[in-house]
Amino acid sequence: MKLTLSGALYHNIRYRLSRLAVVLFVVILAVYIYLQVSIFMTQRQIDKQQAILDQKNQELEQLLTDTTFSKLETSRYLKDNLQQLPWSVHIPKVIGIVDSIQSISAGTGSTIQIADLKVSLDEISLRWTVSNLLLLYYSAPERGFLSVLDRFAELDFIENMRVQNYTKWPDWDFQFVLQASVINNDNTTK
């Protein structure tokens, strides 16, 4: 009897293990099929996106070879990177200041002479000779007198104004170089 009971028990355990193996096989088969379908669907999405990307790249190539587009991009670049300076307004201001400074020397015993004037898109440089350094630095607004430096400081299109150097001449005159950076935008007051 012991033999038959243990045989039945052995048969029962074997039956349960085979059922468990069948269930595990079905679950593994279901997971495998799910993964294969998922990979297939993902690959289809990748293929669709690749087709769209290839189409967009062809359109981009056509645009880049189109001369109208090239001209548009060139004009945008020039507009964004090159700025037009309103020199038609700036030059009369500089000339007005130079004229007013030269009129000072006509009415007083002191003299101011322009030796050189250089104007570029980046810098203004003036070489002057003055008989007295007070003309260069001294201002008395209450008397209506502004120094050379203060007159140039009124220009709204320059910055970083400085006297680069000045030299004393044997006849008591001083020669100096006034330099200033030009503000490179159109936002200056007109």
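Everything below is about the structure printed above this text.
One structure accompanies this document, and this report is about it.

What counts, and at which threshold
Residues numbered from 1 in each chain as written. Predicted model: local features only at pLDDT ≥ 70, side-chain atom pairs only at ≥ 80, totals over all residues. Heavy atoms only, no water. Helix = DSSP H or I, 4+ residues; strand = E, 2+ residues; numbered from the N terminus. Buried < 20%, exposed > 50% of the residue type's maximum accessible area, 1.4 Å probe, protein only. Contact = heavy atoms within 4.5 Å. Core = buried A, V, L, I, M, F, W, Y, C linked by side-chain atoms within 4.5 Å. Salt bridge = Lys/Arg side-chain N within 4 Å of Asp/Glu carboxyl O. Pairing = 2+ DSSP bridges. Axes fitted to C-alpha atoms, helices over the stretch in contact; angles between N-to-C directions.

Counting secondary structure elements, the protein chain contains five helices and four strands. For the protein chain, buried positions account for 21% of its 190 residues. Residue pairs in contact within the protein chain that sit at least 24 positions apart in sequence constitute 57% of those at least 6 positions apart.

Backbone geometry places asparagine 160, a non-glycine residue, at a positive phi of 55 degrees. With respect to the element layout, asparagine 160 can be found in strand 3 (residues 158-168). Overall, asparagine 160 belongs to the exposed group, its relative accessible area being 52%.

Another aspect to go through is the environment of asparagine 132. Residue position: asparagine 132 is located in the loop between strand 2 (123-130) and helix 4 (133-137). C-alpha separation for the pair asparagine 132 and phenylalanine 174, spaced 42 residues apart in sequence, amounts to 7.1 Å.

Here we come to the side chain of glutamine 179. Position of glutamine 179 relative to the elements: it lies in strand 4 (residues 174-182). A relative accessible area of 15% means that glutamine 179 is categorised as buried. Sequence-distant contacts of glutamine 179, defined by excluding residues within four places in its chain, comprise Glu123, Ile124, Ser125, Asn160, Met161, Arg162 and Gln164.

Moving on, we come to the nonpolar core. In terms of nonpolar packing, the biggest core is built from 20 residues, with Ile124, Trp128, Phe152, Ile158, Phe176 and Leu178 touching the most fellow members. Looking at this core, the elements that each hand over two or more residues are helix 3 (87-107), strand 2, helix 4, helix 5 (148-153) and strand 4. The leading source of residues in this core is strand 4, at five residues.

Taken as a whole, this structure holds two salt bridges when the rule is applied. With a shortest N-O distance of 3.9 Å, glutamate 59 and lysine 56 are connected by a salt bridge. Of the two residues, glutamate 59 and lysine 56 both sit in helix 1 (residues 2-65), three residues apart, roughly one turn of that helix. Between glutamate 123 and arginine 162 there is a salt bridge, with the nearest N and O atoms lying 3.3 Å from each other. Of this pair, glutamate 123 sits in strand 2 while arginine 162 is found in strand 3, placing the two residues 39 residues apart along the sequence.

Further remarks concern the sheet that holds strand 1 (residues 112-119). One key point about sheets: their strands pair by backbone hydrogen bonds, in either a parallel or an antiparallel sense. Reading across from one edge, 1-2-4-3 is the order of the four strands in this open sheet, with antiparallel pairing throughout. Looking at which strands have only one partner, the edges of the open sheet turn out to be strand 1 and strand 3. Averaged over all pairs of adjacent strands, the angle between their axes in this sheet comes to 15 degrees, without regard to strand direction. In this structure, strand 3 lies alongside strand 4, joined through eight bridges in antiparallel fashion. Each residue of the ladder has a partner; that of glutamate 159, found in strand 4, is serine 181.

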